[in-house]
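# Structural description and commentary
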Amino acid sequence: MPNMPAMPFATPLPDQPFPLILRDVACARGEARIFAGLDITVEAGGLWLVRGANGTGKTTLLRMLAGLLKPESGAVLWADGQAPRVAPERAVLIGHQDALKPALSVAENLSFWARFAGVTDNPWPSRSDPFGVWALADVPLRVLSAGQKRRVGLTRLAFSRAPLWLLDEPTTALDAAGQRTVWELIALHRRRGGAAVVTTHAKGTVDGAQELILGEER
Amino acid sequence: MSVFLAVLKRDLLLALRDGAGTWTVLGFFTIAVAVFPLGVGPEPEVLRRVAPGVLWAMALLSALLSLDTLFEADYRDGSLEALLAGQLVPELLVLAKACAHWIATGLPLTLAAPALGIFLHLPTEAMPVLFASLLLGTPVLSLLGAVGAALSLGARRATVLLAVMVLPLAVPVLVFGAGAVESAQTGLAVGPSLLILGGVALCALAVCPVAAAAALRQAVE
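Treat the numbers as computed from the prediction; the structure is a model and nothing was measured.

### Section: the packing of helix α4 (residues 69-76) of chain B against helix α6 (residues 90-119) of chain B
Residues and elements named next belong to chain B. The contact between α4 and α6 brings their axes to 10 Å, and the two run at 125 degrees. The orientation of α4 with respect to α6, classified from their angle, is oblique. In this structure, α4 uses L70, F71 and D74 to contact α6, whose residues at the interface are V94, K97 and H101. By residue class, the composition of the contact of α4 with α6 is 3 nonpolar, 1 polar and 2 charged.

### Looking at the nonpolar core
Across soluble globular proteins, you tend to see nonpolar side chains buried next to one another. Residues L22 and L164 of chain A together with F71 of chain B are the most contacted members of the largest nonpolar core, which totals 133 residues. The element that contributes the greatest number of residues to this core is helix α7 (residues 127-151) of chain B, accounting for 12 residues. Apart from residues lying up to four places away in sequence, L164 of chain A is in contact with F18, L20, V42, W78, R90, A91, V92, H189, A195, A196 and V197 of chain A.

### Comments concerning unusual backbone geometry
Trans peptide bonds make up the majority, and among non-glycine residues the majority have a negative phi. All names here are of chain A. Note that the residue after F18, namely P19, is joined by a cis bond; omega there is 0 degrees. Its place among the elements puts P19 in the segment before β1 (20-29). Positive phi, close to 70 degrees, is recorded for A173, a residue that is not glycine. Its location among the elements puts A173 in the loop between β6 (164-168) and α4 (176-191).

### Here's the deal with the packing of helix α3 (residues 44-65) of chain B against α7 of chain B
Residues and elements named next belong to chain B. Remark: α3 packs on α7, axes separated minimally by 11 Å, with the N-to-C direction vectors making an angle of 30 degrees. By the angle class used here, α3 and α7 are roughly parallel. For the element pair α3 and α7, the recorded crossing hand is right-handed. Only L130, S133, L134, G137 and L141 of α7 make contact with α3, whose side of the interface consists of L55, W56, A59, L60 and A63. Of the residues belonging to the contact of α3 with α7, the class tally is 8 nonpolar, 2 polar and no charged.

About the cut-offs
- Residues numbered from 1 in each chain as written.
- Chains lettered and ligands numbered in written order.
- Predicted model: local features only at pLDDT ≥ 70, side-chain atom pairs only at ≥ 80, totals over all residues.
- Heavy atoms only, no water.
- Axes fitted to C-alpha atoms, helices over the stretch in contact; angles between N-to-C directions.
- Helix = DSSP H or I, 4+ residues; strand = E, 2+ residues; numbered from the N terminus.
- Parallel < 35°, antiparallel > 145°, perpendicular 65-115°, else oblique.
- Contact = heavy atoms within 4.5 Å.
- Nonpolar A, V, L, I, M, F, W, Y, C, P; charged D, E, K, R; others polar.
- Core = buried A, V, L, I, M, F, W, Y, C linked by side-chain atoms within 4.5 Å.
- Buried < 20%, exposed > 50% of the residue type's maximum accessible area, 1.4 Å probe, protein only.
- Left-handed = near helix turned anticlockwise from the far one by under 90°.

In structure tokens:
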């Protein structure tokens, strides 16, 4: 596991749109009310750890912040009054699925996401390799293990221009070193003015992190 | 623009890597057309009579064959969410994917059709018209198909559903496409049919990406 470069990000962040403010937000899936009365503010440099039992709406919350879902009631707004739905490029969501193509190699997969994020280096800038997957560049994705795929998927964070990272249990399937890298990368991202909302079942806390526990009576 | 091209290039690379897409479609088209002389008999008169309709209907079915995977793979591996959350507006995303689909299927079909026309005793003077009508018509099939594929995302038996939705919408393309070739055979003016086909293509270009993008947003919700 190589050491992480001091600045693993391929592109600087655009102007800061923070804070992202949620006021009295409720969300329903079909008929079922999942959560209600949610008030949080995501500041520049902030980190929210979202906890809660299965089915309490952690992923739903992330999808809402990514602009994929509309809140049932309440408001989710950036500082300039834009909703995530009209400015989806401000958030990058890395969910349980890695959004990678088994038929393509690691380099082809990552080069696509790099170009998609507006990075023009080809195949992809090797300095943006916090998870040490450069060594696997020519390997087809379908032969990688779950943990390796996860590493490749998370490498997308290094290209992203999005100031807000939405990570859905990012440490799943990763070994101890990989998990450390995730948290280090989040810390670096916060230091450059970004923010992250991370769902996790892991115990322990992170410097300056705020916690949101879903599924409890409020 | 470079983002648009990135999506287009990736989809073409995937089509090439899978190998299934283009070759399955061409194989189906060839075999389906080749079955007709066996069924209706070898009389050149009869074959020439049915040639435009058969070539066009089979091209339509072949194009449908590969449509179900247009968004399905991206939907299942989470790429679709990531693509929709990018800086590319969904309408252009649809257009990029429909373009890639056309280059991988519609264009090979168009190129192969004149050769298959020989099978059916299509007169040589009708060949350029067959080519032109398919060149105008197959992009419409890719665009309509994108709407169908987006609407049927996540549905069970999506392929059948897709065919049921897209085939009726493709009727004008079939009528004027086959009509143009028939006019060329009988010595009538082909201009009007081709112009209408071009008009349909422009309409589809304007409407389909918007409709498909709306359906995609709905699908990932």
